[in-house]
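# Coordinate inspection notes
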Amino acid sequence: MYLIEKENVMKIAEELAKNYELFGPVVDKGTGQVFFDRVNDSSEISLSAEIPAIPPKHVVFPQIERIMKYKYDRSAKKAEIEAILDNRSKAIFGIRPCDLTGLIVLDRFFLGQEFVDEIYREHRKRMFIVSQNCIAPFKQCFCVCTDSGPFADEGYDLNLTLLGDYYLVEAGSDKGKELVQRLGLKSADPSYAEMKKKANDKSISLFESIATDNKAWISRVMNRITTGFIKEDVWEYIGKQCFECGACTFVCPTCSCFNVEDHNRFDGTTDRLRTWDSCSFEGYTKMAGDHNPRHPVEDRRNKRFFCKLSYSQSKKYLRPGCVGCGRCQWVCPGDIGLPNVVTYIRREITE
Amino acid sequence: MDYKSGVCNFCGTGCGNYLRISDGKITGVYSSRNHPVSKGRLCVRGWHIHEWLMTDQRISSPMIKVDGSFKNVTYEEAVNFMMEKLSPYMGSSAKAIGFLGAPRWSNENNYLFMKLARSVFKTNNITLDSESGHRGSLNVLSKVTGFPAMTGSLEQIEKTKFIMVIGSDLTRINPIIGSEIHKAQMAGTKVVTLGSRKTQMAKLSNLHLQCRPGTLKLTIALIAKVAIEKGYMDKNSASSMAGFNDFASSLAAINMAEAIGSTGISLDDIDSVAKELCGSESAMAFWSTGISGADEDTVSYIANLFLIAGKVGKENCGLNSITGLANLQGGYDMGVAPDLLTGFQSYSDGAVRSKFEKAWQVQLPAEVGNDVYQLLENKNKDLKVLFVAEHDEGIVKYEKEIANLDFVVYFGSYDNPFVNHADVVFPIAALIEDDGTYTNTERRVQISQKRIQAFNGVLSVRELFSMIAAKSGVKWSYNSSEDVFKEIASLTPSYSGLSYDKLINSTGIQWPCNSEYPNGCKSFLLKSGTALSFAKVSGTFPAVNVSEAFPFLLIPGRGEYFWHQNNIMKKSYIPKREYNATLLVYPKGFIEINSEDAKKLQVREHWTVKISSDKGSMNVSVKISEDVKPGTAYVPYFIKEMITDFLLGHSDKSDMGLDATIPVRIERV
Ligand code: SF4
Ligand code: SF4
Ligand code: SF4
């Protein structure tokens, strides 16, 4: 444990910017919307900004990404193929615990199963992660229900907790320790561990008054979803509200559906692209032949909630797929963000 | 940070977005949480606008057609070629030349297109493409309220107490407006939908009046009739407005029992809607305009119904004509019409015309022009030359008539089927390659700024048109889109208070914005002195008779699937796949029939049936659906080769807008 003065905390970002492409929370001047994105200068980053509208997922899994390029020479009947891997070193500064947990879930999906996705691995390999604990939640948060916050316990190189005039700096890796030493941060005495615990408790206690948008008592519902004891008409009520926009997937820090497309370039070459996709889309789940499910929209919808909230899926991620960020709630043109769906199902249970 | 604010350019909702621009290239899109219309939402199209914007299927060089094939040339050469070919028509051009404008082009580009037509080529044959109904709505709204656009505001949907959605499935055509209505419903607003098919919007409503195909207008008339006869109406003001007696007596002439029978809706339902609408504190009507939208007569009935109910010009009320294309409203605002100048100013008004003559320093022809599609339809002999702006529909209407013209000029960014009809093709800068403003369905003027360099160095509309004007001896001196906008503001009373400065620092401003409304105007509110009046109605309702030979009423559904045949969707990945997903299951297209009818016809899901009408026949697959009632059938219009040919044979029906129906026979094959 180390300490850095509040006004000096950006020195960490500046130091990282020397060797890494830097990403962090940025407030758009025009509308006040917060993005987690690339910055040219660490001064663009605002550590105190609210939970960003876009999670850092796109840093390791871009919305649209060139993964290969090829050119076919008709006369010689030869194709030139070139794999494209993003080998830039990236530093993520100020990621919040929910999104950090999201990153861990993505790691388990892309790296932890039989197949290792080398495109993802390349993004992830040289990454430096500085997380920050939430000393107070925001309106949309429910990470306490999904065991992913408000404080982080794994996955970071450095973790920051604001305690009065100081940030408590914890190193989670050798890379992290090395940076702390390079910056010459002073160590924190053991009493800070107790202060940090109190800050965590305080943050949790603030959920009741601040985090009022979404409440999702997940555990009961997980049981129900896994066992399938949910009435057809509940799914129908949910399904008919889906506008099939894909937003819930795009904004989710743990959703990993993708699509591969070939893009013919004006210069005669072809780019192979990987793009975000969504299980809410008919075309994503369309089966070969004439298969036409009876309740197409409902079936696709409950798929998402199985993925986020069933035990079978949790085994893959070693935790529930939802990290309680609340983003799918405010982007949904229907009224079926995950927290609302949990409410609808709970309502049925209590009935 | 790489995210830059922008505006979605697909439908008329005008959602705010953020485009991600990295190292001069577009790499993504995200929703805008604080935008007053979209509030963090986008639909499937909006979430993939970057896929369209990054396409390489662009027109990369000016081309001229020599001996039937295209040859790449410079802009200079193309302009010279064009002016030479056009010289025989230049003097008498008023009749020989037509201009087809683009409802997705910015206000600035549409304004310059209109100015080029009038001041350089001296023609008033100017028409907005891809559009058949919006003008009808504007005529009615202007007549009834003096306000030639949607009178309400999308931001007020959540505040209104009663919503009536007529015909279209807004959840598909303008999904974020559909979403706003859905959220209002969840919060307690009463939502009533009217239409012959149970759409998603209908499923999300409190009450769906599923009338028989072809009786939508009649249903609206019946609600008005009951409102008057049962005394639910706003007695204080409606009955003293101009035109009330005519309207009331045309309603009185309807035989209630007979009419109820033909709509297939119960009198109780009609009565309860009439009562609730009149009794509600505020109410809004929504209908789609443009392709497959409501026709002028139906809009007149809607407007009159709301006058009767006393729901026009009041807080949180609105007669809301919803545009399906990004700048359809803006296109009309810019005077892309044979008889209009900007801001719905009448071309026939001498004072208005001389204001433009003075500003443009030209003499304008005194006569108004003709609708270009009408000229094509009538195979008008005088029309020889056509200028076309970005025709992004996959289907080219009047293909034969266009092929018979002497010369066709095309301006556009994207490669598409229309290009082949042209004799000269000019590539132009696309969205975000130039600054421009767009006016959404609720009159919100928003700016979309230049974010990337133009593809392959192509010119902006402004640069190209200035070059063409200069060739004809007219000097246009604009250095930027902002210069064009200043000129628009100076000539257009409803835009006079707008400027790029104001727009850049806002999420759009709703016109009128002028000395009377310095901050714009959210919705039309009655002030003392303004008078409302009833719209004239036909008093006639199409007879929709099935016969023994043709026992089914077929609804040709175009609006819902309109985006399928839209050329820009084909340049994306995910939306293209989604719009084609239905095709994978029904490669020949489908006809929706009720399970009861399927039983009678002894057909099952996916079996092929033959559909015949008095004009022709086609074979399609069966899709069994409870969304249509027994005796009615629905065919989406989106597969060019199959269904379109059959439906184009019935193009006379498209004038009937929402009430278009075709009596058919369905047989098992
Ligand atoms: S499901 Fe919704 S609330 Fe949960 S992590 Fe994903 S976006 Fe956040
Ligand atoms: S955000 Fe809502 S409407 Fe869109 S796909 Fe997800 S659940 Fe459906
Ligand atoms: S509703 Fe219209 S404006 Fe909004 S995202 Fe969809 S296409 Fe774009």
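Each chain carries its own residue numbering, running from 1 in the direction its sequence is written. Following the order in which they are written, the chains are lettered starting with A and the ligands numbered starting with 1. Residue-level local features of this predicted model are given only where pLDDT is at least 70; pairs of side-chain atoms are given and counted only at 80 or more, and the full residue set underlies all totals for whole chains, interfaces and linings. Processing note: side-chain calculations cover all non-hydrogen atoms of the structure and skip hydrogens and water entirely.

A separate point is the overall build of chain B. Helix numbers and strand numbers start at the N terminus; a helix is a DSSP run of H or I with at least 4 residues, a strand a run of E with at least 2. The helix and strand tally for chain B stands at 23 helices and 24 strands. We compute the radius of gyration over the C-alpha atoms and compare it with the globule rule, which gives 2.2 Å times the number of residues raised to the power 0.38. Here the C-alpha atoms of chain B give a radius of gyration of 25 Å, agreeing with the 26 Å that 2.2 N^0.38 yields for 669 residues. The C-alpha extent of chain B, read off along each of the three principal axes, is 70 × 65 × 55 Å. Burial analysis of chain B (669 residues in total) assigns 66% to the buried set. For chain B, restricting intrachain contacts to residue pairs at least 6 apart in sequence, the fraction spanning at least 24 positions comes to 71%. For the accessible areas, the method is Shrake-Rupley and the probe is 1.4 Å, while residue cover comes only from the protein chains on display. On chain B, roughly 22,900 Å² of surface is accessible, and the fraction owed to carbon and sulfur atoms is 48%. Positive charge is attributed to Lys and Arg, negative charge to Asp and Glu, and no charge count is given to His or to the chain ends. Where a charge lies is defined by one atom per residue type: Lys uses NZ, Arg uses CZ, Asp uses CG and Glu uses CD. Of the side-chain charges in chain B, 71 are positive and 70 negative, and the distance between the mean point of each set is 2 Å. With a 1.4 Å probe rolled over the protein chains alone, any residue whose accessible area is under 20% of its type maximum counts as buried; one over 50% counts as exposed, and the rest are partly exposed. A contact between two residues is defined here by any heavy atoms of the two lying within 4.5 Å.

Looking at ligand 3, the residues that line it are Cys8, Phe10, Cys11, Thr13, Gly14, Cys15, Leu42, Cys43, Arg45, Gly46, Pro175 and Ile176 of chain B. In this classification, the charged set is Asp, Glu, Lys and Arg, the nonpolar set is Ala, Val, Leu, Ile, Met, Phe, Trp, Tyr, Cys and Pro, and all remaining amino acids, among them Gly, are polar. When grouped by side-chain class, the residues that make up the shell around ligand 3 number 8 nonpolar, 3 polar and 1 charged. What makes a residue near a molecule or strand is one non-hydrogen atom of that residue sitting within 4 Å of it.

As a further point, take the site of ligand 1. Neighbouring ligand 1 are the residues Phe142, Cys252, Pro253, Arg304, Lys308, Cys322, Val323, Gly324, Cys325, Gly326, Cys328 and Leu338 of chain A. Its residues placed into classes, the shell around ligand 1 shows 8 nonpolar, 2 polar and 2 charged.

With that settled, consider the interface of chain B and chain A. With 54 residues of chain B in contact, the opposing surface of chain A contributes 54 residues. We define buried area as the total accessible area lost by two parts upon association, computed with a 1.4 Å probe and summed across both. Taken together, both faces of the contact between chain B and chain A bury some 4,500 Å²; the carbon and sulfur share is 53%. Any Lys or Arg side-chain nitrogen found within 4 Å of a carboxyl oxygen on Asp or Glu counts as a salt bridge. At the junction of chain B with chain A, the criterion picks out 6 salt bridges. For Asp2 of chain B, the salt bridge is made with Arg38 of chain A, and the minimal N-O distance between the two is 3.2 Å. By the criterion applied in these results, polar contacts are pairs of N or O atoms within 3.5 Å in which, for protein atoms, one can donate a hydrogen and the other can accept it, and in which residues neighboring in sequence qualify only through two side-chain atoms. Summed over the shared surface of chain B and chain A, the number is 24 residue pairs in polar contact (both at pLDDT 80 or more). Within the residue set of the side of chain B that touches chain A, elements represented by two or more residues are β2 (16-22), β3 (25-31), α1 (49-53), α6 (170-173), α7 (175-186), α8 (200-203) and α21 (574-585) of chain B. Within the side of chain B that touches chain A, the residues separate by chemical class into 21 nonpolar, 19 polar and 14 charged.

Here a Phe, Tyr or Trp ring, Trp counted by its six-membered ring, pairs with any other such ring whose centre lies within 6.5 Å, and the pair is stacked when the planes are under 30 degrees apart, edge-to-face when over 60, and tilted otherwise. Within the structure shown, the criterion is met by 45 aromatic pairs over all chains. Note on Phe99 of chain B and Phe113 of chain B: the rings are 5.1 Å apart at their centroids and 65 degrees apart in plane angle, and the pair reads as edge-to-face. Here Phe99 of chain B, found in strand β6 (residues 97-101), pairs with Phe113 of chain B, found in helix α4 (residues 107-120); they are 14 residues apart in sequence, far enough to count as distant. In terms of burial, Phe99 of chain B and Phe113 of chain B fall into one category: buried. On the numbers, 6.2 Å between centres and 20 degrees between planes, the contact of Phe387 of chain B with Phe411 of chain B is stacked. With Phe387 of chain B in strand β13 (residues 385-389) and Phe411 of chain B in strand β14 (residues 407-412), this residue pair connects regions lying 24 residues apart in the sequence. The residues Phe387 of chain B and Phe411 of chain B share a single accessibility class, namely buried. Only Lys NZ and Arg CZ are tested; either one counts as a charge over a ring when it is within 6 Å of the ring centre and within 35 degrees of the ring normal. Of note, Arg274 of chain A hangs over the ring of Phe258 of chain A, and the distance from its end group to the ring centre comes to 4.5 Å. In this structure, Arg58 of chain B packs its charged tip against the face of Tyr414 of chain B, placed 5.2 Å from the ring centre.

Okay, the sheet that holds strand β16 (residues 436-439) of chain B next. Residues and elements named next belong to chain B. Read from one edge of the open sheet, 3 strands run β16-β17-β18, paired in antiparallel fashion. The two strands at the open ends of the sheet, each matched to only one other strand, are β16 and β18 (509-510). Note: two strands are recorded as paired if DSSP finds a minimum of 2 bridges between them. Both strand β17 (residues 444-448) and β18 contribute to a ladder of 2 bridges, which runs antiparallel. Bridge pairing links Arg444 to Gln510 in β18.

The next thing to look at is α21 of chain B. Along its 12 residues, α21 of chain B runs 17 Å from first to last C-alpha, staying within 8% of the 16 Å computed at 1.5 Å per residue. For α21 of chain B, the set of buried residues is Ile574, Pro575, Arg577, Glu578, Tyr579, Ala581, Thr582 and Val585 of chain B. Against β11 (258-264), β12 (270-276) and α11 (282-285) of chain A together with α1 and β20 (590-593) of chain B lie the buried residues of α21 of chain B. One less than the number of residues in a helix, times 1.5 Å, gives the span that helix is expected to have.

This brings us to the nonpolar core. Residues Ile12, Leu16 and Phe93 of chain A are the most contacted members of the largest nonpolar core, which totals 109 residues. Residues within four places of Leu16 of chain A in sequence aside, it is in contact with Leu22, Ala91, Phe93, Phe128, Val130 and Leu179 of chain A. Put simply, a nonpolar core is a bunch of buried Ala, Val, Leu, Ile, Met, Phe, Trp, Tyr and Cys residues held in one set by side-chain atoms that sit within 4.5 Å of each other. In this structure, Met82, Tyr111, Ile488 and Leu498 of chain B belong to the second largest nonpolar core, which totals 74 residues.

Below, the discussion takes up the environment of Ser137 of chain B. Residues and elements named next belong to chain B. On the secondary structure map, Ser137 appears in helix α5 (residues 134-145). It is 9.6 Å that separates the C-alpha atoms of Ser137 and Gly293, two residues lying 156 residues apart in sequence. Ignoring sequence-local partners within four residues, the contact set of Ser137 consists of Trp287, Thr289, Val299 and Ser321.

Residues and elements named next belong to chain B. For strand β4 (residues 63-66) and strand β5 (residues 69-72), the ladder comprises 4 bridges, and the chain directions are antiparallel. Along β5, the bridge assignment pairs Val66 with Ser69. If you look at the hairpin formed by β4 and β5, you'll find 2 residues sitting between the two strands, and Asp67 has a positive phi there, around 50 degrees.

Glancing now at the sheet that holds strand β22 (residues 617-624) of chain B. All names here are of chain B. Strand order in the closed barrel formed by 6 strands is β19-β23-β20-β22-β21-β24, with mixed pairing between adjacent strands. Across the sheet, the mean angle from the axis of one strand to that of its neighbour is 45 degrees, orientation sign disregarded. Summarising the sheet, strand β21 (residues 608-612) and β22 pair through 5 bridges and their orientation is antiparallel. Within the sheet, the bridge partner assigned to Val609 lies in β22 and is Val620. Under this scheme, a helix contributes an axis fitted over its contacting stretch, all axes are lines through C-alpha atoms, and angles between N-to-C directions fall in the 0 to 180 degree range.

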